[in-house]
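Structural features, examined
Chain residues, written in single-letter form:
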Amino acid sequence: MGFYANRILPHLVNLTMRNRHLVPYRERVMAAAEGRVLEIGIGSGLNLPFYTPRVHELLGLEPSARLVAMARHASSGSFLPVTLIEGSAEAIPLEDKCIDTVVTTWTLCTIPRVAQALEEVRRVLKPGGQLLFVEHGLAPEDSVRKWQDRLTPVWKRIGGGCHLNRPIPALIETAGFDVGEIKAGYIRGPKPMTYIYEGRARP
């Protein structure tokens, strides 16, 4: 990894994701997590304070060594047993059908082979398990979508591979999930970056 990706980007991600407008999403999603939980792209651990006692174990998967170190520091005061794993969602280093809940928050936009990652998520979920997600993605209006398509090539380079234009519900459904609950809408900010999908899916 280059200097920017290894030294600067993790701190930019941590700073950006501290946006107070994201807190209600974190509160709702973590409140629904239960059992043995796998958080894909745990980052610096910003979701940790929002988990409840319904979770009895948390596994955090993160490809960035620097963000893993930040998450380790954040987890030191958690009531939860937290295990941090440096690795990719495209090859989750866990056995089949061992997870009750998978959580992704603003993560699917950055995974290069996102379809493969979602297949891995389905593999590790137990029967009756759940995928809880909050992701930004493809907007409904053509005018905004055009800007998302124009900006994504540049945005990927400065944003750690972040795609502005991924059709999140379609990607999840194509991977074999039933998206039973979903809400979508804009939060405050530039429209190409702020169309949010929040939901629950089951394999």
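A brief report on the enclosed structure follows. (Residues numbered from 1 in each chain as written. Predicted model: local features only at pLDDT ≥ 70, side-chain atom pairs only at ≥ 80, totals over all residues. Heavy atoms only, no water.)

**Remarks on the pairing of strand E3 (residues 82-86)**
- Pairing analysis gives 5 bridges linking strand E2 (residues 55-62) to E3, with the strands arranged parallel. The residue bridging Leu58 from the neighbouring strand is Val82, located in E3.
- With helix H3 (residues 65-75) bridging E2 and the parallel E3, this β-α-β connection has right-handed handedness. (Pairing = 2+ DSSP bridges. Helix = DSSP H or I, 4+ residues; strand = E, 2+ residues; numbered from the N terminus. Right-handed = clockwise from strand over helix to strand, strands pointing away.)

**Quick notes on the side chain of Thr107**
- Within the fold, Thr107 resides in the loop between strand E4 (99-105) and helix H4 (114-124).
- The buried category is assigned to Thr107, whose relative accessible area is 7%.
- Residue contacts for Thr107: discarding those within four places in its chain leaves Ile40, Gly41 and Glu135. (Buried < 20%, exposed > 50% of the residue type's maximum accessible area, 1.4 Å probe, protein only. Contact = heavy atoms within 4.5 Å.)

**A few points about helix H2 (residues 23-32)**
- What H2 keeps buried is the set Tyr25, Arg26, Val29, Met30 and Ala32. Looking down the long axis of H2, one finds its buried residues gathered within 155 degrees of arc, a one-sided arrangement.
- In the core, the buried residues of H2 are packed alongside E4, strand E5 (125-136) and strand E7 (195-202). (Arc of directions from axis to C-beta.)

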